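# A closer look at the structure
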Amino acid sequence: MMNCLQSWPEPVVRVQSLAASGIQAIPERYIKPPSHRPLSKSDFSLPQEVNIPVIDFQNVFSTDHRLRDEALRCIYSACSEWGFFQVVNHGVSHELMKGVREMWREFFNLPVEVKQEYANSPVTYEGYGSRLGVQKGASLDWSDYFFLHYMPVSLRNQNKWPATPASCREMVAEYSREVVKLGGKLMKAFSMNLGLEEDFLLNSFGGEENVGACLRVNYYPRCPQPDLTLGLSPHSDPGGMTILLPDENVAGLQVRRNDSWVTVKPAPDAFIINIGDQIQVLSNAIYQSVEHRVIVNSNKDRVSLAFFYNPKSDLLIEPSRELVTEDRPALYPPMTFDEYRLYIRTKGPSGKKQVESLKSPRPLNE
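Below: a short report on this structure. (Residues numbered from 1 in each chain as written. Predicted model: local features only at pLDDT ≥ 70, side-chain atom pairs only at ≥ 80, totals over all residues. Heavy atoms only, no water.)

At a minimum axis distance of 10 Å, the contact between helix α3 (residues 94–108) and helix α5 (residues 168–193) shows a crossing angle of 135 degrees. It follows that α3 is oblique to α5 by the angle criterion. The handedness of the crossing between α3 and α5 is left-handed. Contacts between α3 and α5 involve Leu-96, Gly-99, Val-100, Met-103 and Trp-104 from the former and Cys-168, Met-171, Val-172, Glu-174, Tyr-175 and Glu-178 from the latter. (Axes fitted to C-alpha atoms, helices over the stretch in contact; angles between N-to-C directions. Helix = DSSP H or I, 4+ residues; strand = E, 2+ residues; numbered from the N terminus. Parallel < 35°, antiparallel > 145°, perpendicular 65-115°, else oblique. Left-handed = near helix turned anticlockwise from the far one by under 90°. Contact = heavy atoms within 4.5 Å.)

Written out as structure tokens, the structure reads:
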């Protein structure tokens, strides 16, 4: 299977260049089937006032037990019912958040030949890219991105990070360091809420030194026909969790809630957190990784930073023994994140098919 991951199956088209060319109609490759379009008849968008939970994260570490218990309870219900929530007062500098987002906006506005120096391949996905998945003729999403590794240190190669803008490498390193710290705190809260030792999930990921951490900066150019396409097709995240810094001006992320799509309204200076498939597996489906997608619009470009916090890639991930009982047998077989990730890298985003297809037809603890 790895052979098909050496190169893209056809020439890569930069969506930003397409958008800038002044086209009035988008190419066929980007047009989604009617049932997958943002406003299809089968989509019921929930009322505007519905939003994912917003949690004051500093309360998790409060000496006031009442505040602490309430914050943990809110996180538990968000992880088990929504799979998504926002955190405010999370400890990451607001200036750093704004600065890094603006710096990436500058990168995407550089001439295409400068960005091409970082063009990626499907072997590692590192660098400047415009598609996920290697199936020839596949439907494409209306976005470009830049993908880079931060952890483990053995995979961190700053020469693969943009040299322009001049502040890029230093700022990405500082931002990543802060977001990894936040990830460690969130993992503690997730573990405590499952009745496990606070370091349980982090240790299951390989411990502080071994976690995987990578950044995908998404660029969603304005689109002349936003009702026909998507910035990112529906999928659940294959990794542990995602810490998203959304565009502060333009909403675009939608989260599946039963049979509807909820458009997330970002709270000021918040991160959007979502559970990935690996934590769903470790929690034996107490926590849910939830399908989401991105819509585009005709007036404004959007930039968002998705930081993926993942298990060490060669560790077996399986339901935690403490959460497996006679009434709730292990729902998933053991699998490494490397094996798991190959699926999405080959097939591209495809709903929740992957994690659901793993569910055991019989109890695994026999």
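A word on the pattern of salt bridges. A pair can form between side chains of opposite charge whenever their charged atoms are brought close. Applying the stated rule across the entire model yields 17 salt bridges. Between Glu-178 and Lys-181 there is a salt bridge whose closest N-O contact spans 3.2 Å. Of the two residues, Glu-178 and Lys-181 both sit in helix α5, three residues apart, roughly one turn of that helix. You can call Lys-181 partly exposed: its relative accessible area is 47%. When the shortest N-O distance is used, the salt bridge between Glu-198 and Lys-188 registers 3.9 Å. Taken together, the residues span a long stretch of sequence, with Glu-198 in the loop between α5 and α6 (200–204) and Lys-188 in helix α5 at a distance of 10 residues. A cluster of three or more residues bridged by salt bridges with shared partners is formed by Arg-101, Glu-102, Arg-105, Asp-247 and Glu-248. (Salt bridge = Lys/Arg side-chain N within 4 Å of Asp/Glu carboxyl O. Buried < 20%, exposed > 50% of the residue type's maximum accessible area, 1.4 Å probe, protein only.)

Ordered by their spatial adjacency, eight strands build an open sheet running β2-β3-β11-β8-β13-β6-β5-β4, and the pairing between neighbours is mixed. Single-partner strands in this sheet number two, and they are β2 (54–56) and β4 (127–129). Neighbour-to-neighbour, the strand axes of the sheet open up by a mean angle of 25 degrees, direction not taken into account. Two elements, strand β8 (residues 241–245) and strand β13 (residues 302–310), share five bridges in a ladder whose sense is antiparallel. Its bridge partner lying in β13, Ile-243 is registered against Phe-307. (Pairing = 2+ DSSP bridges.)

All right, on to the pairing of strand β11 (residues 271–275) then. With five of its five residues buried, β11 lies for the most part within the structure. The alternating pattern of β11 places Phe-271, Ile-273 and Ile-275 and Ile-272 and Asn-274 on opposite faces, both of which are buried. As defined by bridge partners, strand β3 (residues 84–88) adjoins β11 across four bridges and the pair is classed as antiparallel. Its bridge partner being in β11, Phe-84 is matched across the sheet by Asn-274. The pairing of β8 with β11 spans four bridges and is antiparallel. The residue bridging Thr-242 from the neighbouring strand is Asn-274, located in β11.

On to the nonpolar core. Grouped together as the largest cluster of nonpolar side chains are 65 residues, with contacts concentrated most on Phe-85, Trp-104, Phe-190 and Phe-271. Beyond its immediate sequence surroundings of up to four residues, Phe-190 is in contact with Ile-75, Cys-79, Phe-85, Leu-201, Met-241, Ile-273, Ile-275, Ile-279 and Tyr-287. The next biggest cluster of nonpolar side chains, apart from the first, holds 31 residues, and it includes Ala-19, Leu-228, Leu-253 and Val-296. (Core = buried A, V, L, I, M, F, W, Y, C linked by side-chain atoms within 4.5 Å.)

Take unusual backbone geometry next. In this model, Met-151 is joined to Pro-152 through a cis peptide bond whose omega is -5 degrees. By the element assignment, Pro-152 lies in the loop between β5 (144–151) and α5. Between Thr-164 and the following residue, Pro-165, the backbone shows a cis peptide bond with an omega angle of -5 degrees. Inspection of the secondary structure assignment puts Pro-165 in the loop between β5 and α5.

Centre-to-centre distance and the angle between the planes together describe a pair of aromatic rings. Applying the stated rule across the entire model yields 18 aromatic pairs. Summarising the aromatic geometry, the rings of Phe-85 and Phe-190 are spaced 6.4 Å apart at their centres and angled 90 degrees between planes, so their arrangement reads as edge-to-face. Within this pair, whereas Phe-85 is found in strand β3, its partner Phe-190 is found in helix α5, the two being separated by 105 residues in sequence. As far as burial versus exposure is concerned, Phe-85 and Phe-190 are alike and both buried. The ring centre of Tyr-128 lies 4.0 Å from the NZ or CZ of Arg-14, which sits over that ring. The ring of Trp-82 is capped by Arg-257, whose NZ or CZ atom sits 3.9 Å from the centre of that ring. (Phe/Tyr/Trp six-rings, centres within 6.5 Å; stacked < 30°, edge-to-face > 60°. Lys NZ or Arg CZ within 6 Å of the ring centre and 35° of its normal.)

What follows is about helix α2 (residues 65–82). The terminal C-alpha atoms of α2, which comprises 18 residues, lie 25 Å apart, in line with the 26 Å expected from a rise of 1.5 Å per residue. Of the positions making up α2, those classed as buried are Ala-71, Leu-72, Ile-75, Ala-78, Cys-79 and Trp-82. Down the axis of α2, the smallest arc covering the buried residues is 145 degrees, so these residues share one side. Seen from the buried face of α2, the exposed residues on the opposite side, beyond 90 degrees, are His-65, Arg-66 and Glu-81. Capping of α2 at its N-terminal end is provided by Asp-64; its side-chain oxygen lies 2.9 Å from the backbone amide nitrogen of Arg-66. The first or second residue beyond α2 is Gly-83, which carries a positive phi of 75 degrees. (Expected span 1.5 Å × (residues − 1). Arc of directions from axis to C-beta. Polar contact = N/O pair within 3.5 Å; in protein donor to acceptor, adjacent residues only side chain to side chain.)

If you trace the backbone, Leu-228 turns up in the loop between β6 (212–220) and β7 (232–235). C-alpha separation for the pair Leu-228 and Val-296, spaced 68 residues apart in sequence, amounts to 9.7 Å. Those residues in contact with Leu-228 that sit more than four places away from it in its chain are Ile-26, Tyr-30, Ile-31, Lys-32 and Arg-37.

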